[in-house]
Structure formats: C-alpha cells, structure tokens
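# Secondary and tertiary structure notes
Letter by letter, the chains look like this.
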Amino acid sequence: MTRDKLKRWSDRGLLYGALTLVSLASVLPFVWIILSSVKPHAELYSKTLTFLPQQYTLENYTKMFERMVGFGYYYRNSIIVSFGTVILTLFAGSLAAYALSRFRFKGDNAIFLLFLGTIMVPGEVGLIGQYELLSAYKLLNTLTGLTLSYTAFNLALTIFIMRGVFSSVPQEMLDAARVDGCSWWESFWQIMVPMGASGLAAAGTLVFLNAWNEFIFALTMNNWTDEARTLTVGIQLLQGQWQHWDYGVLFSSVMLSFLPVIVLFLLLQKTFMRGLTAGAVKG
Amino acid sequence: MSALDEGRIHGRLGWKGLDSPYVFLLPAVLLFGMFAVYPIVRSLFLSFFHYEFLRPDEMHWIGLANYREILADERITGWPGIVRPQGQLSIWQIALYPLLVFWLTINSPGGAFWNTIRFTLMYVPLAVVLPLILAVFVDRAGRLSTLFRTLNFIPIVVSVAVISIIWMWVYHPEYGIANTLLRKILGADAGLTWLSDPKLAMPAIVIMCLWHGLGFNMLLYLVGLQRIPTEVVEAARVDGATGLKAFASITLPLLKPTVLLVGLLAGIGALKVFGQMFIMTQGGPGDSTLSVVLYLYNVAFSYGKFRFGYASAIAWALAAFIFLVTLVAFRLTRGRDQ
C-alpha cells in the first residue's frame, strides 16, 4: 500500500519535474532578453556572464528611442496594417460567409470551392505576381498595398471558419427577423454578427497574428523606406545595423517587439487558441 | 451538403435589388480575385517566359526552359546524381531512415532543394513526436495543465523574425545561452560555433524551429486527446492495459488523424522555410542553409537581375512538389485503413 503510494508520488514528481523543465525552456529566451535589456553596457560585455542583472538601468531604452529613429515607424505601421487587415478581412469575409451559408444561388458552390482551393496554394507562389501588381498601381511601400495583400491571403480562411459558424445559427431567428421586416443586410448585422461573435473573435485573432508576424511579403513589398517598414522587417534591419555596436539597445528593441503580442495572448488565451486551431484544421 | 442546404434562401423566396447575396459576396470576390488569384495565375504565366522585371521589353515566351533550368541549376539540385532515390522504398530502407537523415546531415549534396529536404527530414519526425509526448504529459498534469499549456504556447505567438533574432543570441559563440549551458553542464571550455559551422548551421535552425512550433503542435494534440471518449480509455484500463501499452493500443490509433495533421502542417511549413535562413545565415555558410524559397527570393529580388520568370518557375515547381507530398501522405495513410 505505502509502496504504491510512494510510486504514485514519485511518478507525479517526475511528471511535474519534466513539464517544469520543458516550460522553462519555452520561456527562458524571452526572460533572458528582458533581463539583458536592463543590464548596463559594461555588464553585457563583461567576461563573466550573468543571468540576473547585477545592476538595473533603463539606459538601453533611452538610447533606443534616441537613436533608432525607424523603430517608432515600424511599430505604427505594424499596428495600422494588422488592424486594417483584421477589419477588412472580417468585414468582407463574414459578409461572403453569410452569403455562402444562408443563400442558394447560381455558382455558390463554385465560388466556395475557388476560395477553398487557394488555401492549398502556398502564398509564396503569388509573391512575384503581387509585386508586379502593386508596382503597377503604385502601391509598393504603402500601407494600403500591404493591407490589401494580407487581406486577400487571409480571406479564404476567414470565409471557411465563418461559414461554419454562421451555418449553426438557428433559422427561426432569421425567419422572425424577416417577419418583422428586416432586410437581409439588417439581419446580418442584427443576428449573424452578434450570434457569431466568438467565431469572429477567434478568426480575428488568427488574422491579426498572421498579419503582425508576416515576413516575406512585408520584406518584398515594403522595404525601401522606414516610413513603410513593418516591425518584422524593421527589427531584422536593426539587427543587421546594430549587432556590432550595441547589444543592449538591440535587446530593448526586441523586447518591445515581442512583449505586446505575448501580453495580448496572456489576456485572450482562449480566443487565441481557438483561432489558431480553427486555422489549422482547415485542410 | 444537405445539412448546409437546409434553410438556405433561394432567389424566388425573396431577395431583390442590392439586398442580395451577390452584393454580399462582392467585396470578398473583388479583393480575393485581384490580390490573391490574379498574382498566383500571373506567376504561373510568367514562369513560361524569359522575363527580367527591369527589362520588360525583352520579355518573350520560352516554354519550359525555366523549368529545365531548375533541374540543371546546381544551386538547387546540388552535385547532380548523388542522392537520387531510385525505385520504391523497402522495409529496410525505411528502417535505415534515421541513418539516411544523419548521412544527409553530415554529407549534404548541397543545393537549395536538398537543403530543404534535409531540413524537412530532420524537422518533421521530431515535430510530430516531441509535442505528442508533451501533450500526453500536460494532459495528465491535472490542475496545473492550463499553466503548462500556456507557458509552452508563448513562443508561437511571436514572429519568426523576432524568434530568429533572439536565437542568434542564443547561438552566439561567446555570450549565447547555448554555449553557456554547454560550458556549465559539460564543462567544455570552448563551445561550438553553431551558425557559422556549415555542418551545424542547419541542425541549429532545426532545433530553433522545434522549440518555436512545440506549443502549437502540443495544442493540436491536446484537442485530439480531448476528443477521445473517456469510456474507451476506462474500458482498456479495466481490461488491464496500462501505461505505454494502453497508449500504443488505444490512444495512438484514435489520435491518428491528429498525427497526420501535425505531420502535414509541419512538412508543408518546412518545405516553405524562409525567414529563419534569411535572417540567421543568409543561406550560409557556403550554401549550406540555402532553402528553396530563400533562393527564389534571391533570384527575384537580390541578385540584381530581377529574374521574375525563373523565380516564378521555382515557386510553381515548389508548389507542385508540396501538392505531390500532400497527396502521397493522404494516399499512404488512407491505404493502411482499409
């Protein structure tokens, strides 16, 4: 009896021990960056490496805001492009999902299959065509161009997710609204949007993450001026410029670029996880 | 189909003018057609042309010449004829798979295609197995499982760009965590050069990607594990199946769709790998970490000639290859069910 108990205790201990170790490994690099960003220059470059700062300082941050002029632009651009993409994608995507889930018309299946089919095509295939297109319309190095491009490549997934969500809204609600004299357009805003709110939130976080973290399109389309660069492109540029000069300043800029997303995730965990799994099960 | 059709409104039942599904579809179709479908089709079209972006006047049809150039391009296919797989894989060849991966790691034939394959072969098996083990552990952690799930999920919400930069410091020969740990734990005095060693650079990137994707794949497995009815597991326990045995005979077969999903997503992602190499190694040292997408990006935008025709062909060839791999994966797993 006691032996069984002992074994169960040791099993538990082993389980928690292993999990703690792996979880620490998952967060260690972030913690290390955060701690390093408040170390003074001398400590960062000293022969004896420290994990916890011996001395705390904010000099890296003040230096960063003084010298990394582009950083503010990158931040602003990422916010504008990401939120723009989320709003545009959710609007166009859920409206289309409404049409495809609630109406029967000529060509409805063909259109849905066209959207679905392109989920399978890697976005990289469109890179060159996209560059030409944006260049022809003078949309290269503009936030509008990048937003339109992100919207297009997130639409199919959004439509797929929202079509499933809207299909489960009870028909009686639409009928009742119809009897009350609602147009379909009004039904969309008054019934579908509130009923599909949690689905919209999940799809929204997925699209937000995709846009905020996107790299190759941003690198190709918006890389001529600081006024057009997003955070992912800007941060690797800063890395290239500063790695031989001052680690501390770089640490602080990297820390500021991952902190908001992690905080947002910790606040909205459930929605994030729902959105990301919904995005994965697409295939 | 029929379930979705139920309750759908037909035209004669009443919509008119602007209050119709065609209008609701319009924004999405316009945006999608212009900024997603058109560029993809345009790339396919361009892949049959000699076309340099800066010299549009010289654009002309060359048929399949771009695709033929891919096969002859040493920076893509490496030393020709060294590792061309022949015939069907037999059981013992599959058993030798780990050795093959090891051999490819040490002795790469070079070239973007083989580098990408090498990366995929190292990444996918571990990206399938490690998160599965983690998920099973987290699933059993009781009240603390939410905490462990959250902590392990954090890396995936951060972009590849930022992750790559952080890991360049992790791998820094002097100040990096990797070498610090090596020195402290193993007592080695020098440590490794990681990203500037042609043999170590690729495995180093693989380790980073495994770390980055761990939480996401774990979550997919957790979702899969929760779908397994508890009665099934209980019944097996009553029959005397415990621990590993129960896992192998009950849980794993029921988890097969999730395993396939994780493997497929990991495989597709690995074949398209770009940002990690672009930021951390620029494809070097030598061409040892040059991936297909990195090469096509360079052909199109960095080597100065803006060879859009050739780059489009590489992109479409890669897409076709990914499609083929997906198809084969589905066939193989479906075949075993029957």
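This one's a predicted model, so the numbers in the text were calculated from it and none came from an experiment.

### Some words on the overall build of chain A
- Secondary structure summary: chain A contains 14 helices and 1 strand in total.
- Rg of the C-alpha trace for chain A: 24 Å, well past the compact-globule value of 19 Å for 283 residues, more than 25% over.
- With the C-alpha coordinates aligned to their principal axes, the bounding extent of chain A is approximately 75 × 75 × 35 Å.
- Sorting the 283 residues of chain A into buried and exposed places 48% on the buried side.
- Counting only contacts in chain A whose residues sit at least 6 apart along the sequence, the fraction spanning at least 24 positions is 75%.

### Comments concerning the overall build of chain B
- Broken down by element type, chain B carries 17 helices and 3 strands.
- Within chain B, buried positions represent 38% of all 338 residues.
- Nonlocal contacts in chain B, meaning residues at least 24 apart in sequence, comprise 66% of its contacts between residues at least 6 apart.

### A word on helix α12 (residues 231-242) of chain A
- Taking 1.5 Å per residue as the helical rise, α12 of chain A with its 12 residues ought to reach 16 Å, and the 16 Å between its terminal C-alpha atoms agrees with that figure.
- Among the residues of α12 of chain A, Leu231, Thr232, Val233, Gly234, Ile235, Gln236, Leu238 and Gln239 of chain A are the ones counted as buried.
- Elements that come into contact with the buried residues of α12 of chain A comprise α4 (70-102), α10 (197-213), α11 (216-221) and α13 (247-267) of chain A together with α9 (160-170) and α15 (275-280) of chain B.

### Overview of the confidence of the model for chain A
- With 97% of its residues at a pLDDT of 70 or more, chain A has an overall mean of 88.
- Put simply, helix α2 (residues 41-44) of chain A is where chain A has its lowest mean pLDDT, 78, and α11 of chain A is where it has its highest, 94.

### Things to note about the confidence of the model for chain B
- Per-residue confidence for chain B gives a mean pLDDT of 84, with 88% of residues at or over 70.
- In this model, residues 81-86 of chain B is a region of pLDDT below 50 whose contacts with residues beyond four sequence positions or in other chains number 3 contacts.

### Overview of the environment of Trp184 of chain A
- For Trp184 of chain A, the location among the structural elements is in helix α9 (residues 184-195).
- Taking the C-beta count within 10 Å as the criterion, Trp184 of chain A has 24 such neighbours and is therefore assigned buried.
- Sequence separation between Trp184 of chain A and Tyr98 of chain A is 86 residues, and the spatial gap between their C-alpha atoms is 9.7 Å.
- Every residue in contact with Trp184 of chain A, bar those within four places of it in the chain, is listed here: Trp15 and Asp19 of chain B.

### As for the nonpolar core
- By size, the foremost hydrophobic cluster in this structure holds 169 residues, and its most contacted members are Ala96, Ile159 and Val254 of chain A together with Leu296, Ile314 and Ala315 of chain B.
- Element by element, the count of residues in this core is highest for helix α11 (residues 201-227) of chain B, at 15 residues.
- Among all residues touching Val254 of chain A, those that are not within four sequence positions of it are Ile33 and Ile235 of chain A together with Val162, Ile165 and Ile166 of chain B.

### Examining the domain arrangement of chain B
- In terms of domain boundaries, chain B breaks down into domain 1 (1-46) and domain 2 (89-304 + 311-337).
- For domain 1 of chain B versus domain 2 of chain B, the separation of C-alpha centres amounts to 37 Å.

### With respect to the environment of Phe306 of chain B
All names here are of chain B.
- Examined against the element boundaries, Phe306 turns out to sit in the loop between α16 (292-302) and α17 (308-337).
- Residue Phe306 is classed as partly exposed on the basis of its C-beta count, with 18 C-beta atoms lying within 10 Å.
- Spatially, the C-alpha atom of Phe306 lies 6.7 Å from that of Leu54, the residues being 252 residues apart in sequence.
- Contact partners of Phe306, with chain neighbours within four places excluded, come to Glu52, Phe53, Leu54, Ala300 and Phe301.

### Quick look at the packing of α4 of chain A against helix α2 (residues 21-46) of chain B
- Close contact between α4 of chain A and α2 of chain B brings their axes to 8 Å; oriented N to C, the two are set at 135°. With respect to their mutual orientation, α4 of chain A and α2 of chain B come out oblique. For α4 of chain A against α2 of chain B, the interelement crossing comes out left-handed. Here Ala92, Gly93, Leu95, Ala96, Tyr98 and Ala99 of chain A of α4 of chain A lie close against α2 of chain B, whose contacting residues are Pro21, Phe24, Leu25, Pro27, Ala28 and Leu31 of chain B.
- Grouping the constituent residues of the contact of α4 of chain A with α2 of chain B by class yields 11 nonpolar, 1 polar and no charged.

### Describing helix α14 (residues 269-280) of chain A
- For α14 of chain A, built from 12 residues, the straight-helix expectation of 16 Å at 1.5 Å per residue is met to within 8% by its first-to-last C-alpha distance of 17 Å.
- Buried within α14 of chain A we find Phe272, Met273, Arg274, Gly275, Leu276, Ala278 and Gly279 of chain A.
- Lining the buried residues of α14 of chain A we find α7 (143-167), α10 and α13 of chain A together with α11 of chain B.

### Here's the deal with the pairing of strand β2 (residues 49-52) of chain B
Residues and elements named next belong to chain B.
- Only one face of β2 is covered, namely the face carrying Phe49 and Tyr51; the face carrying His50 and Glu52 is uncovered.
- Across 3 bridges, β2 lies against strand β3 (residues 55-61) in antiparallel orientation. Opposite His50, over in β3, you have His60 as the bridge partner.
- Counted along the chain from β2 to the antiparallel partner β3, the turn is 2 residues long.

### Considering the packing of helix α7 (residues 112-139) of chain B against helix α14 (residues 256-271) of chain B
All names here are of chain B.
- Remark: α7 packs on α14, axes separated minimally by 9 Å, with the N-to-C direction vectors making an angle of 150°. One element, α7, and the other, α14, form an angle in the roughly antiparallel class. Crossing of α7 over α14 shows right-handed handedness. Along the contact surface, α7 presents Thr116, Phe119, Thr120, Tyr123, Val124, Ala127, Val128 and Pro131, while α14 presents Val259, Val262, Gly263, Ala266, Gly267, Ala270 and Leu271.
- In terms of residue class, the contact of α7 with α14 is built from 11 nonpolar, 4 polar and no charged.

### Some thoughts on the environment of Asp108 of chain A
- Structurally, the position occupied by Asp108 of chain A is in helix α5 (residues 108-120).
- Expressed as a C-alpha distance, the spacing of Asp108 of chain A and Phe166 of chain A, which sit 58 residues apart in the sequence, is 16 Å.

Thresholds applied
- Residues numbered from 1 in each chain as written.
- Chains lettered and ligands numbered in written order.
- Predicted model: local features only at pLDDT ≥ 70, side-chain atom pairs only at ≥ 80, totals over all residues.
- Helix = DSSP H or I, 4+ residues; strand = E, 2+ residues; numbered from the N terminus.
- Rg over C-alpha atoms; globule rule 2.2 N^0.38 Å.
- Buried ≥ 20, exposed ≤ 12 C-beta atoms within 10 Å, placed from the backbone.
- Contact = placed C-beta atoms within 7 Å.
- Expected span 1.5 Å × (residues − 1).
- pLDDT = per-residue confidence, 0-100.
- Core = buried A, V, L, I, M, F, W, Y, C linked by C-beta atoms within 7 Å.
- Domains from an automatic or database assignment.
- Axes fitted to C-alpha atoms, helices over the stretch in contact; angles between N-to-C directions.
- Parallel < 35°, antiparallel > 145°, perpendicular 65-115°, else oblique.
- Left-handed = near helix turned anticlockwise from the far one by under 90°.
- Nonpolar A, V, L, I, M, F, W, Y, C, P; charged D, E, K, R; others polar.
- Pairing = 2+ DSSP bridges.

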